[in-house]
Each structure stands twice: as structure tokens, then as C-alpha cells.
Protein chains: 2
Amino acid sequence: MPAEPKQQRALKTRDDILRGAALAFEDFGYKGASMREIAARSGVTLGAVYFHFAGKQELARAVILAQPDVMVPKLQSVGIQRLVDLTLVWAHEINANPVMRAAVRLAVEQQAHGIEEDTSFQEWEVLFRKWLEEARDEGELAPGASTGAVAEFMVGAMTGMQHHARLTGKINTLGDRVVRMWQLLLPGLTTPDVAARLDLDPRRGAA
Amino acid sequence: MPAEPKQQRALKTRDDILRGAALAFEDFGYKGASMREIAARSGVTLGAVYFHFAGKQELARAVILAQPDVMVPKLQSVGIQRLVDLTLVWAHEINANPVMRAAVRLAVEQQAHGIEEDTSFQEWEVLFRKWLEEARDEGELAPGASTGAVAEFMVGAMTGMQHHARLTGKINTLGDRVVRMWQLLLPGLTTPDVAARLDLDPRRGAA
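Parameters at a glance
Residues numbered from 1 in each chain as written. Chains lettered and ligands numbered in written order. Predicted model: local features only at pLDDT ≥ 70, side-chain atom pairs only at ≥ 80, totals over all residues. Heavy atoms only, no water. Contact = heavy atoms within 4.5 Å. Buried area = accessible area lost by both parts, 1.4 Å probe. Salt bridge = Lys/Arg side-chain N within 4 Å of Asp/Glu carboxyl O. Polar contact = N/O pair within 3.5 Å; in protein donor to acceptor, adjacent residues only side chain to side chain. Helix = DSSP H or I, 4+ residues; strand = E, 2+ residues; numbered from the N terminus. Core = buried A, V, L, I, M, F, W, Y, C linked by side-chain atoms within 4.5 Å. Buried < 20%, exposed > 50% of the residue type's maximum accessible area, 1.4 Å probe, protein only. Least-squares fit on C-alpha atoms with pLDDT ≥ 70 in both. Expected span 1.5 Å × (residues − 1). UniProt positions renumbered as here; feature names shortened; annotations may be inferred.

Chain A goes by TetR/AcrR family transcriptional regulator in an unreviewed UniProt entry, where it is assigned to Streptomyces griseicoloratus.

Participant: I'd like a rundown of the interface of chain A and chain B, residues and numbers included.
Facilitator: Taken together, the contact pairs 35 residues of chain A with 35 residues of chain B. For the pair chain A and chain B, the summed buried area comes to about 3,200 Å², and 65% of that belongs to carbon and sulfur atoms. For the pair chain A and chain B, the interface holds four salt bridges. Among the ionic pairs, Glu-152 of chain A bridges to Arg-177 of chain B, the shortest N-O distance being 3.6 Å. At the junction of chain A and chain B, the tally comes to four residue pairs in polar contact (both at pLDDT 80 or more). Counting only elements with at least two residues in the side of chain A that touches chain B, the list comes to helix H6 (98-109), helix H7 (119-137), helix H8 (147-167) and helix H9 (174-189) of chain A.

Participant: Any chance you could break down the nonpolar core for me, citing the residues and the numbers?
Facilitator: The nonpolar side chains of a soluble globular protein tend to be buried with one another. Ranked by size, the top nonpolar core spans 134 residues in total, and within it Trp-90 and Trp-182 of chain A together with Trp-90 and Trp-182 of chain B carry the most contacts. The element best represented in this core is H8 of chain A, accounting for 10 residues. The residues contacting Trp-182 of chain B, other than those within four sequence positions of it, are Ile-80, Leu-83, Val-84, Thr-87, Met-154, Leu-189 and Leu-200 of chain B.

Participant: Would you mind going over the relation of the copies chain A and chain B in detail, with residue names and values included?
Facilitator: Superposition of chain A onto chain B requires a rotation of 180° combined with a translation of 0.0 Å along the rotation axis, giving an RMSD of 0.0 Å. Expressed as an axis order, the relation between the two copies is that of a two-fold axis. By residue overlap, the copies meet face to face through one surface: 100% of the interface positions of chain A are interface positions in chain B.

Participant: I'd like to hear about helix H7 (residues 119-137) of chain B, residue by residue, with values.
Facilitator: The terminal C-alpha atoms of H7 of chain B, which comprises 19 residues, lie 27 Å apart, in line with the 27 Å expected from a rise of 1.5 Å per residue. Lining the buried residues of H7 of chain B we find H8 of chain A together with helix H4 (56-65), helix H5 (79-96), helix H6 (98-109), helix H8 (147-167) and helix H9 (174-189) of chain B. Positive phi shows up at Gly-139 of chain B, right after H7 of chain B, with a value of about 75°.

Participant: Please give an account of the environment of Gln-162 of chain B that cites residues and values.
Facilitator: Residue and element names in this part refer to chain B. With respect to the secondary-structure elements, Gln-162 resides in helix H8. We classify Gln-162 as buried; its relative accessible area is 2%. Between the C-alpha atom of Gln-162 and that of Asp-16, which follows or precedes it by 146 residues, the distance is 25 Å. Ignoring any residue separated from it by four or fewer positions in sequence, one finds Gln-162 in contact with Trp-90, Ile-94, Val-104, Val-108, Ile-171 and Leu-174.

Participant: So what's going on with the UniProt feature "DNA-binding region" (unreviewed entry) in chain A? Residues and values would help.
Facilitator: As recorded in UniProt, the sites labelled "DNA-binding region" (unreviewed entry) are residues 34-53 of chain A. What you have in residues 34-53 of chain A is 75% helix and 0% strand, and the ends, taken at the C-alpha atoms, are 13 Å apart.

Written out as C-alpha cells, the structure reads:
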């Protein structure tokens, strides 16, 4: 059997550490999670953690930035349905994937920890706008709908709705909240016939 | 001149402390702001701070809970226009009033500081729903619009939009973001003629 290539092994170790850090942040909070605890949760040595990350802040930043990597819908879709699917996968992953859950929590609390990392918000906005513009090319948007305004609004609204759901102990309702967001936005965003043929089943996020 | 009643003086001291705490939290963050610094900013003794608040967590909780008190629009309005005015005052106050600014920041970051205080979110939701129901009584809502779903969505969306605006250094755009939220929501929420007669000028928040 050929030896596992060195670079691939390093990437796997890095992923293990991100996951271990996410679990430690979840259980102890950012402040309470020590680098030693993170190493233990990752199944690697403390030295390996420091080989990959200079410290806890850099690790937190990497967790925040890992978000879009896990956000690729497996279902085939285009235009506005693609954007719907992306938001449903997001809601599902926050419930199912500890790295994602830690990432959104850190993104919200970051300033309390002395971190300034708005790249992930910008990436979401760019991604949303891209699919809205595709929807426009497909003739799915209502005349006058501004893709920039909608993308910016969605980033803020989704950030807040997951925070609100988590703080009130109802993070498992996030998929339903995303569906309600679409029900509220679609009348102004698309034509009635496009809205009628969209599939808003939250289970699409787990598919 | 009659002596200032004791209770009234105590209330004023309490307000001064809330304001001093808000200023200190803003400059040093929650972690960095000492009770001594908060006393200095409030213009009261350290003993007076501890007379009113057991500690920094209780003070932070009081700042969070002070939100709705500053949120009374001075303009006369009813129904959906009243709700619009409320959100515009909110955007204005976050820019103009340090207690409000500290309150929303603490509400977002609270779990990082070991605080669990979702009362303010619930109060907002109740308030929004009340005005939506009045709008329904006035015949302003589209048939099928759910006041509960809209109120819940607005709380999350507004929480997130102020966070997003602040993190990207654009908190001064909050009034415009609120207006865009209304432009996106109104087509599904009201009838076209109600939407057309609403005044969405962000300067209503400062009136």
C-alpha cells in the first residue's frame, strides 16, 4: 500500500483540529477552551496544534472561514431554487455539523474575543448575489428587484435568525425559519408563477 | 426649593450608571471595562455602583433590558406606519444613544460573557406583533400574512442587520438597511395601496 502523501495527511490533521476546536468551543465557550483541550478533542498532540495554528485566535478565525466549504448542496438546482437550497443546507449543517455551529457562533461573538473577521460575511454576500444574478438571467426575478440589496439583507437576516433561534433554545427550528424567510421575501422578489413552482421543503437541506 | 425626592435621585443615579457602563463597554469591551472605570464614567462612587448593581453581569443585563425604554417614537402614527417608525427610531438610537448601542452589542455577544438574557428579544417580538395586529385590525395586512411569523422574523433580521452593519464598519447605514427591509417585506405583507402611502424616510427615526 502506498504511503499516504504527506500533504494530504497534513490537511486531514488540520481538519481534525478544526473539528476538535469546534467541539471544545461548544462545550467550554471560546474563553474556556484551552489549547490542550482542543488537542485532546482533535486526537493530536499539543505540538501538532501549534504547528498548524499560532494560537486560539488564529484557530477561531480558521473555524469561521471554514463555513462555505461545507455549504455545497448535493441536489441539482439552478437560479432561485439553488439559493433556496443553499440556505436550507446552511440551516441543516448548523444543526448537524459542529464546525459549522461553532463557526456561526464565533462569527457573531467575535468582537467579544478581540477578533475582527468579516470575510465570511462578505463571502456569503458574494455567493448570494451570484445566484440571484443567475436567477435574474433565468427571468425569475420581479422587475425592480435589487440583487445587491437582497443579498445584503439575507446575510444580516440569516445571521440574526440563527442567533435568535439559538439564544431561545430553538436552533432545531432554523430550517422552518429559513422557509418563512422565503415566504416573506418571495412576493417582492419573484413572479407568482416562479414562487409557486419552488420547492421550500426544509428536508432539501439534508438531501 | 424642595429637596429632590430620594427615590427620584436614586433613579437618576441608576440611569447615570447605565450610561457610564455603556460608554465603558463601548471603549474597552465588556471584559476590559472595570467596575472602577464604570464608576468614573458615571460620575458616581464605586460604592454607589455596587449599591445599585451586584456586579458587572447584572449591570450588563440591565443595559440589555433598558432597550425598549428609549424606543418610543415621538411622531404620531398607527398600524403598519407605527411599526415602521419604531424600527426607524431603533436604527437612529443605535447611532445616537450609547446605552442603546451597548445594549444591542451585549445582546448579541452575551453568551461569550456567560449571560443568558433573551427577555429583550421576547419583548421586541411581543411589541412587533402588537403593532402588526393593530395593522390587521386597520385592514392593512395582506390576507394570509402571519403576524407571528413576521414579528419573529423581524427580531432575527434586525438583530443580524445591526451586527452585520457594525462588523463591516457601516453602522451609519442602519436606517437605510431598515428601509430596504421594509421594501423587501411589504409586497408580501400589505396591499399595494397601503405600501404606496407609507412614509419610509429614515429621518423619521430622528423626529
